[in-house]
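Now for the letters of each chain:
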Amino acid sequence: MTFVVNESCIRCKIMDCVDVCPVDCFYEGENMLVIHPDECIDCGVCVPECPVDAIKPDTEPGLEKWLSLNAEYAKIWPNIMVKKAPPPDSKEWEGKPDKLQYFSPNPGAGD
């Protein structure tokens, strides 16, 4: 098992999870984070830190595409180990459905 970031993170990108990860397995995209499935140690400490409920165990039904997306982009986006401020409009995006259409494949700045 590993944990994955789902579409709830898109355009919210609140980075409280980054601060608590003991193995630094988060990678930064332009408008979301992903978890590297081969680096995640399944500790789950990031899950309660996410205020938008964007981190789920990969064993939950329907997360296959998100596991795939996390694995793909964790290989090409920069690693992030230090929490940054979320986007200025992140509160406006919290809880909005169907955010995959807003996903950006562009990398973030990383550390």
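In this text, all values refer to a predicted model and were calculated from it rather than measured experimentally.

## Observations concerning the nonpolar core
Piece 1. Residues Val5, Phe26, Met32, Leu33, Val34, Ile35 and Ile55 are the most contacted members of the largest nonpolar core, which totals 33 residues.
Piece 2. Breaking this core down by element, the ones donating at least two residues are β1 (3–5), α1 (16–20), β2 (26–28), β3 (33–35) and α2 (64–74).
Piece 3. It is α2 that provides the largest number of residues to this core, a total of four residues.
Piece 4. Setting aside its immediate chain neighbours within four residues, Val34 contacts Val5, Cys25, Phe26, Tyr27, Leu69, Asn70, Tyr73, Ala74 and Trp77.

## A short note on α2
Piece 1. Three or more residues of α2 are buried, namely Trp66, Leu69, Asn70, Tyr73 and Ala74. What you see down the axis of α2 is that its buried residues fit within an arc of 115°, all on one side. Exposed residues pointing more than 90 degrees away from the buried face of α2 are listed as Glu64 and Lys65.
Piece 2. On its buried face, α2 sits against β1, β2 and β3.

## Brief notes about the environment of Gly95
Piece 1. By the element assignment, Gly95 lies in the segment after α3 (90–93).
Piece 2. On the accessibility criterion, Gly95 (74% relative accessible area) is exposed.
Piece 3. Residues Gly95 and Cys17, spaced 78 residues apart in sequence, show a C-alpha to C-alpha distance of 18 Å.

## A look at the pattern of salt bridges
Piece 1. For the coordinates displayed, the defined rule picks out six salt bridges.
Piece 2. As a salt-bridge pair, Lys84 and Glu28 come within 2.9 Å of each other at their nearest N and O atoms. Residue Lys84 is located in the loop between α2 and α3, and its partner Glu28 is located in strand β2; the two are separated by 56 residues in the primary sequence.
Piece 3. Three or more residues joined by partner-sharing salt bridges are found here, namely Lys13, Glu28 and Lys84.

## What to know about the side chain of His36
Piece 1. With respect to the element layout, His36 can be found in the loop between β3 and β4 (55–57).
Piece 2. In contact with His36, other than residues within four places in its own chain, are Cys25, Tyr27 and Ala74.

## Re the environment of Glu92
Piece 1. With respect to the helices and strands, Glu92 occurs in helix α3.
Piece 2. For Glu92, a relative accessible area of 58% translates into the label exposed.
Piece 3. Counting along the chain gives 80 residues from Glu92 to Cys12, while the straight-line C-alpha distance between them is 8.2 Å.

The rules behind these values
- Residues numbered from 1 in each chain as written.
- Predicted model: local features only at pLDDT ≥ 70, side-chain atom pairs only at ≥ 80, totals over all residues.
- Heavy atoms only, no water.
- Core = buried A, V, L, I, M, F, W, Y, C linked by side-chain atoms within 4.5 Å.
- Buried < 20%, exposed > 50% of the residue type's maximum accessible area, 1.4 Å probe, protein only.
- Helix = DSSP H or I, 4+ residues; strand = E, 2+ residues; numbered from the N terminus.
- Contact = heavy atoms within 4.5 Å.
- Arc of directions from axis to C-beta.
- Salt bridge = Lys/Arg side-chain N within 4 Å of Asp/Glu carboxyl O.

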